[in-house]
Amino acid sequence: MTDPAVDALRPGDVPAGLDLARLADHLAAHRPELAAGPLRAQLIAGGKSNLTYLLRAGDREVVLRRPPLGHVLATAHDMAREFRVISALAPTEVPVPGALLLCTDPEVIGAPFYLMERMPGDVFRTRAQTDPLGDERRHALAMAMMDTLAALHGVDPAAVGLSDFGRPEGYLARQVRRWAGQLDRSRSRPLPGIDELRDLLAATAPEGANAGRIVHGDYRLDNLLASADPVAVHAVLDWEMATLGDPLADLGLLLTYWDVLGGSETAEGNPVADGLGPRAGFPTGSELIERYAGRSDVDVGPLHWHVALGCFKLAVICEGIHYRHTLGQTLGEGFDRIGDMVAPLVTHGLTAARER
């Protein structure tokens, strides 16, 4: 797993959110092969939610995931959930990191965490990374992203032991209620229009004819580890919001990132949308959906409601991150601009929700 923001690991460095001494003791007891030498760790910058660290244990490098510091929304950042889904998907066509160790005891490093294999590839997040790809490789990368999503939605949950991973019935209406609740726990300033968007979504939630598939919950280009030469997706990351539900929710949120953020003026220099979408030279959202539809049995149907849900969900997530940033509880750079994304997301969400 590589990222341009990861520096070389330095002896003696202990990034915030880790207790290396306690971690070493835990590994010695539960995975002694990972405690053969002194532990060194480095925060992998770029993520805006859960914290991810590159951990060197002797001669081996692995990745550790834990929840963010401070203000954590209820039901979010569930380490056991992430660990379970990547473990279940390991034998499928969906590329995931190997799951190594889950620890639900917060006393070890201050929060639950899990370890996974370090995978090859890069996280493509910014224009500085995606511009050099050129049109042909950007197109191929976008198509590989959609092929991987179609493969995920094609997995039978029961066949991989995930039949009880969520409650598909009423999933979409429940999503609206869930994110409305998260919003109420993250309010720190006036947010014009967001309550109207919530009410519109609640009043018009579809039944969800495709319900019962494995849903990633935050599927986008920079949640993949990929290579550009040759183009390939090596791993899907950040499974904290995975569940059983309607796969159109994944598509709606992806289009929100791709066309709403990545296709508008808000994308330029934005820490989560700068390297995405048509403005960055990638295919349009409609081309992505066409590719997906050609490789999936999911009825894509009208997506406007799901885009509206994606806008609402992403606005709530951004507001939660903004709130943590105002409390000084974020690690890394780029958090000062996250709050600026909320208003345009609400505006576009209202437009999509009113579409017929």
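Residues numbered from 1 in each chain as written. Predicted model: local features only at pLDDT ≥ 70, side-chain atom pairs only at ≥ 80, totals over all residues. Heavy atoms only, no water.

S.K.: So what's going on with the overall build of the protein? Which residues, and what values?
M.R.: Secondary structure assignment for the protein yields 10 helices and nine strands. Per-residue burial over the protein gives 54% buried out of 356 residues. Taking as baseline every contact in the protein between residues at least 6 positions apart, the subset at least 24 positions apart corresponds to 74%. Looking at the protein as shown, the accessible area adds up to about 14,100 Å², and 51% of this sits on carbon and sulfur atoms. (Helix = DSSP H or I, 4+ residues; strand = E, 2+ residues; numbered from the N terminus. Buried < 20%, exposed > 50% of the residue type's maximum accessible area, 1.4 Å probe, protein only. Contact = heavy atoms within 4.5 Å. Areas by Shrake-Rupley, 256 points an atom, 1.4 Å probe, with all protein chains shown as cover.)

S.K.: Go over the sheet that holds strand E5 (residues 113-117) with me, naming the residues and quoting the values.
M.R.: Pairing is antiparallel across the open sheet formed by five strands, whose spatial order is E1-E2-E3-E5-E4. In this open sheet, the two strands that pair with only one neighbour each are strand E1 (39-43) and strand E4 (99-103). The mean inter-strand angle of the sheet, taken between neighbouring strand axes irrespective of direction, is 25°. Where strand E2 (residues 51-57) lies against strand E3 (residues 60-66), seven bridges are found, and the strand directions are antiparallel. Among the inter-strand pairings, Arg-56 is bridged to a residue of E3, identified as Glu-61. Sitting on the sheet, helix H1 (residues 20-30) touches E1, E2, E3, E4 and E5, and the angle it makes with E1 is about 120°. (Pairing = 2+ DSSP bridges. Axes fitted to C-alpha atoms, helices over the stretch in contact; angles between N-to-C directions.)

S.K.: Describe the pairing of E5, with residues and values.
M.R.: For E5, a buried count of four out of five residues is recorded, marking the element as mostly surrounded by other parts of the structure. For E3 and E5, the ladder comprises four bridges, and the chain directions are antiparallel. Bridged to Leu-64 within E5 is Leu-115. Two elements, E4 and E5, share four bridges in a ladder whose sense is antiparallel. Within the sheet, the bridge partner assigned to Ala-99 lies in E5 and is Met-116.

S.K.: Quick one: what's the story with the packing of helix H7 (residues 248-261) against helix H8 (residues 285-294), residue by residue and with numbers?
M.R.: Where H7 contacts H8, the axes come no closer than 10 Å and their chain directions differ by 150°. By the angle between their directions, the pair H7 and H8 is classed as roughly antiparallel. Where H7 crosses over H8, the two elements pack in a sense that is right-handed. Each of Leu-251, Leu-254, Leu-255, Trp-258 and Asp-259 in H7 lies in contact with H8, whose residues at this interface are Gly-285, Ser-286, Leu-288, Ile-289 and Tyr-292. Residue composition of the contact of H7 with H8, by class: seven nonpolar, two polar and one charged. (Parallel < 35°, antiparallel > 145°, perpendicular 65-115°, else oblique. Left-handed = near helix turned anticlockwise from the far one by under 90°. Nonpolar A, V, L, I, M, F, W, Y, C, P; charged D, E, K, R; others polar.)

S.K.: An account of the pattern of salt bridges is needed here, citing residue identities and associated values.
M.R.: Taken as a whole and judged by the stated rule, the model has 23 salt bridges. Its salt-bridge partner being Arg-220, residue Asp-218 comes within 2.6 Å of it at the nearest N-O pair. The same class applies to Asp-218 as to Arg-220, namely buried. (Salt bridge = Lys/Arg side-chain N within 4 Å of Asp/Glu carboxyl O.)

S.K.: Describe the packing of aromatic side chains, naming the residues involved and giving the relevant values.
M.R.: According to the stated counting rule, one finds two aromatic pairs in the structure shown. Aromatic side chains Trp-258 and Phe-282 sit 5.2 Å apart centroid to centroid with 65° between the ring planes, which places their arrangement in the edge-to-face category. Placement of Trp-258 in helix H7 and of Phe-282 in the loop between H7 and H8 is noted, with a sequence separation of 24 residues between them. Take Trp-258 and Phe-282: they sit in the same class, and that class is buried. The aromatic ring of Phe-165 is capped on one face by Arg-81, whose charged end is 4.0 Å from the ring centroid. (Phe/Tyr/Trp six-rings, centres within 6.5 Å; stacked < 30°, edge-to-face > 60°. Lys NZ or Arg CZ within 6 Å of the ring centre and 35° of its normal.)

S.K.: Any chance you could break down the nonpolar core for me, citing the residues and the numbers?
M.R.: Core analysis: the largest hydrophobic core is formed by 90 residues, its most contacted members being Leu-89, Met-145, Leu-221, Trp-239, Leu-251, Phe-312 and Leu-345. Per-element accounting of this core gives the leading share, 12 residues, to helix H9 (residues 304-326). Leaving out residues up to four positions away in the same chain, Leu-345 has contacts with Thr-256, Val-260, Leu-261, Cys-311, Leu-314, Ala-315 and Cys-318. Ranked by size, the runner-up nonpolar core spans 21 residues in total, among them Leu-43, Leu-51, Val-62 and Leu-101. (Core = buried A, V, L, I, M, F, W, Y, C linked by side-chain atoms within 4.5 Å.)

S.K.: Tell me what's going on with the confidence of the model for the protein, and back it up with residues and numbers.
M.R.: For residues with low pLDDT, the predicted coordinates do not support detailed interpretation. Scored by pLDDT, the protein comes out at a mean of 88, with 88% of its residues at no less than 70. Between residues 1-8, whose pLDDT stays under 50, and residues either more than four places distant or in other chains, the model counts 28 contacts. Segment residues 71-76 is flagged for pLDDT under 50; beyond a separation of four residues in sequence, or across chains, it makes 17 contacts in the model. (pLDDT = per-residue confidence, 0-100.)

S.K.: Outline the side chain of Gln-129, supporting the account with residue identities and numerical values.
M.R.: Relative to the helices and strands, Gln-129 resides in helix H3 (residues 127-130). From its side chain, Gln-129 meets the backbone oxygen of Val-123 in a polar contact 2.7 Å long. (Polar contact = N/O pair within 3.5 Å; in protein donor to acceptor, adjacent residues only side chain to side chain.)

S.K.: Could you give an account of the environment of Gly-294, with specific residues and numbers?
M.R.: Assignment of secondary structure puts Gly-294 in helix H8. Residue class for Gly-294 comes out exposed when judged on its relative accessible area of 61%. The spacing of Gly-294 and Asp-147 is 147 residues in sequence and 9.2 Å in space, taken between C-alpha atoms.

S.K.: Go over the packing of H9 against helix H10 (residues 342-353), please, and point to the residues and values.
M.R.: Two numbers describe how H9 lies on H10: the axes approach to 8 Å, and their chain directions differ by 160°. As far as their axial angle goes, H10 and H9 are roughly antiparallel. H10 is crossed by H9, and the crossing has left-handed handedness. Listed contacts from H10 to His-304, Val-307, Ala-308, Cys-311, Leu-314, Ala-315, Cys-318 and Glu-319 of H9 are Val-342, Leu-345, Val-346, His-348, Gly-349, Ala-352 and Ala-353.

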